[in-house]
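So the chains spell out like this:
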Amino acid sequence: MAAAGPQPPSSPSPAVNPAAGGLQPTGLAHIWRSRGPAAWALWPLSLAYGALVALRRALYQLRVLRTEHPGVPVIVVGNVIAGGAGKTPVVIALVRHLQAQGWQPGVISRGYGRITRDCRAVHPDSPALEVGDEPALITRATKAPVFVAPLRITAARALLTAHPGTDILVCDDGLQHLALARDLEICIFNSDGVGNGFLLPAGPLREPWPRPVDWVLHAGAPPAGSAPSFALQRRLAPHALRANGRQVPLASLRGDPVHAVAAVARPEEFFAMLRAQGLQVAGAEALPDHDDFNGWKRFTDKRLTLICTEKDAVKLWPLHPDALAVPLELWIDPAFMAALDARLSAWRTAPLSSPSA
């Protein structure tokens, strides 16, 4: 399996053109795009934040804070920018690739946005409110075992105990979760790259960039740094899904007005991609990322087809089972998968280092 999803389109992906209608970034997301007056006003706070980040990393390097390895290879998929970078589609693509290669992968996650705080397994019928919308989507899309916990190593231990045949772990997010030792770090960038290059709150960076990682996947221009970088492209699948799993061709929706709703980090991209597919988006509602939809009121004409992202569907379908969810398709540079396969082959033949540090 050399690539994930369809081959790259001959023209630029609609995902990189958020200006094609829909909402535009506001608030901090707008400030983070340039080094304007508002960003400079927040810059002193970024210095304080950066000092805390450096101190925390130093404590791990000095082993004042401990790092633990679960005993099987660990791939961390994360990002250094606040907000969505597209980690979850990459995790799903990696898990499917690992399964095709004969591995038995498991996925660990914090379960961002859930109302629970314990360590628990994620099942296909688990409510997103209890496990997080991204873990819920991952387990439904891959059928791989998924566990969530505030500490990733706790999730890893629980998963390996419940599924002892698991021979590799993929950590959804966790680049900054230094308590979990890892064998491979993959950093994801969306089309905005590093934004204005400032740390939070003046910019989008959770930690200084460049920083050492194994590989970079980027939807826009390659970011600065010495790590090997590979392109990825995201676009909508040519079909939507009903709650019962039946596919509805997007072409069949052209000409009929639809109402789109998205509770993701970059909703304007989803709305733009719908329009690029020829859909008549009569209404577009952007909710906060990971919103649970419990307070959302469907006030528009109910004769309009309600359409959402696949991640939002795990929360929206229990409330509005008539909603259609449009999956994302992901293309990853085949050179990335070739490099991954080489690393996997090395792991099969060479033992891991000590299980804790």
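About the criteria used
- Counting starts from 1 at the beginning of each chain's written sequence and moves along it residue by residue.
- Two thresholds apply to this predicted model, a pLDDT of at least 70 for residue-level local features and 80 or more for giving and counting side-chain atom pairs, whereas whole-chain, interface and lining totals are computed over all residues.
- Hydrogens and water molecules were not included; the side-chain quantities draw on all heavy atoms of the structure.
- Runs of H or I in DSSP of at least four residues are treated as helices and runs of E of at least two as strands, each being numbered from the N terminus.
- Radius of gyration means the value over C-alpha atoms here, while the globule rule gives 2.2 Å times the residue count to the 0.38 power.
- Only protein chains enter the area calculation, which uses a 1.4 Å probe; residues under 20% of their type maximum are buried, those over 50% are exposed, and those in between are partly exposed.
- We call two residues in contact whenever any of their non-hydrogen atoms come within 4.5 Å of each other.
- Areas reported as accessible are Shrake-Rupley estimates using a 1.4 Å probe. Residue values count occlusion only from the protein chains shown.
- For the charge count, each Lys or Arg is scored as positive and each Asp or Glu as negative, with His and the chain ends excluded.
- Think of each charge as sitting on NZ of Lys, CZ of Arg, CG of Asp or CD of Glu.
- All axes are obtained by fitting lines to C-alpha atoms, using only the stretch in contact for helices, and the reported angles, taken between N-to-C directions, cover 0 to 180 degrees.
- For classification purposes, an angle smaller than 35 degrees is called roughly parallel, one larger than 145 roughly antiparallel, one from 65 to 115 roughly perpendicular, and anything else oblique.
- Handedness of a helix crossing follows the sense of rotation of the near helix relative to the far helix, less than a right angle counterclockwise being left-handed and clockwise being right-handed.
- Think of it as three bins: nonpolar holds Ala, Val, Leu, Ile, Met, Phe, Trp, Tyr, Cys and Pro, charged holds Asp, Glu, Lys and Arg, and polar takes everything else, Gly as well.
- The pLDDT score gives, residue by residue, the confidence of the prediction method on a 0 to 100 scale.
- Pairing of aromatic rings covers Phe, Tyr and Trp, the last through its six-membered ring, and needs centres within 6.5 Å; plane angles under 30 degrees mean stacked, over 60 mean edge-to-face, and all others mean tilted.
- Two conditions define a charge sitting above a ring: the NZ of Lys or the CZ of Arg must be within 6 Å of the ring centre, and it must be within 35 degrees of the ring normal.

Got a sec to walk through the overall build of the chain? Specific residues and values, please.
Across its full length, the chain holds 9 helices and 15 strands. The C-alpha radius of gyration computed for the chain amounts to 20 Å, which stays within 12% of the reference 21 Å derived for 357 residues, consistent with globular compactness. The dimensions of the chain, computed from C-alpha atoms along their principal axes, are 60 × 50 × 40 Å. Among the 357 residues that make up the chain, the fraction classed as buried is 50%. Partitioning the intrachain contacts of the chain with sequence separation of at least 6 by distance along the chain shows that 73% fall at a separation of at least 24. For the chain, the exposed surface amounts to about 15,500 Å²; the carbon and sulfur share of it is 58%. If the 34 positive side-chain charges of the chain are averaged to one point and the 28 negative ones to another, these points end up 2 Å apart.

Mind laying out the packing of helix H3 (residues 87-100) against helix H9 (residues 334-349), listing which residues take part and the relevant values?
At their nearest, the axes of H3 and H9 sit 12 Å apart, and the two run at 55° to each other. Overall, the two elements H3 and H9 adopt an arrangement that is oblique. Judged by the twist between their axes, the crossing of H3 over H9 is right-handed. Across from Leu 94, His 97 and Leu 98 in H3, the residues of H9 making contact are Phe 336, Met 337, Leu 340, Asp 341 and Leu 344. Tallied by class, the residues present in the contact of H3 with H9 amount to 6 nonpolar, 1 polar and 1 charged.

Please set out the side chain of Asp 173 residue by residue, giving values where relevant.
Its location among the elements puts Asp 173 in the loop between strand E5 (168-172) and strand E6 (184-189). Ignoring sequence-local partners within four residues, the contact set of Asp 173 consists of Val 76, Val 77, Gly 78, Asn 79, Lys 87, Arg 152 and Arg 206.

Explain the confidence of the model for the chain residue by residue, including any values.
Confidence in the prediction of the chain, expressed as mean pLDDT, is 90, and 90% of residues score 70 or more. Confidence over residues 1-23 falls short of pLDDT 50; this stretch has 54 contacts with residues more than four positions distant or in other chains.

Provide a residue-level description of the packing of aromatic side chains, including the pertinent values.
Within this structure, the stated rule accounts for 8 aromatic pairs. Between Trp 215 and Phe 336, the aromatic rings sit 5.5 Å apart at their centres with planes inclined by 75°, giving edge-to-face as the arrangement. Here Trp 215, found in strand E7 (residues 215-218), pairs with Phe 336, found in helix H9; they are 121 residues apart in sequence, far enough to count as distant. Looking at Trp 215, the relative accessible area reads 6%, which means it is buried. Ring centres of Phe 230 and Phe 336 lie 5.5 Å apart, and the angle between their planes is 70°; on these two criteria the pair is classed as edge-to-face. Of this pair, Phe 230 sits in strand E8 (residues 229-236) while Phe 336 is found in helix H9, placing the two residues 106 residues apart along the sequence. The buried category is assigned to Phe 336, whose relative accessible area is 0%. One residue, Arg 348, lies across the ring of Trp 103, its end atom 4.1 Å from the ring centre.

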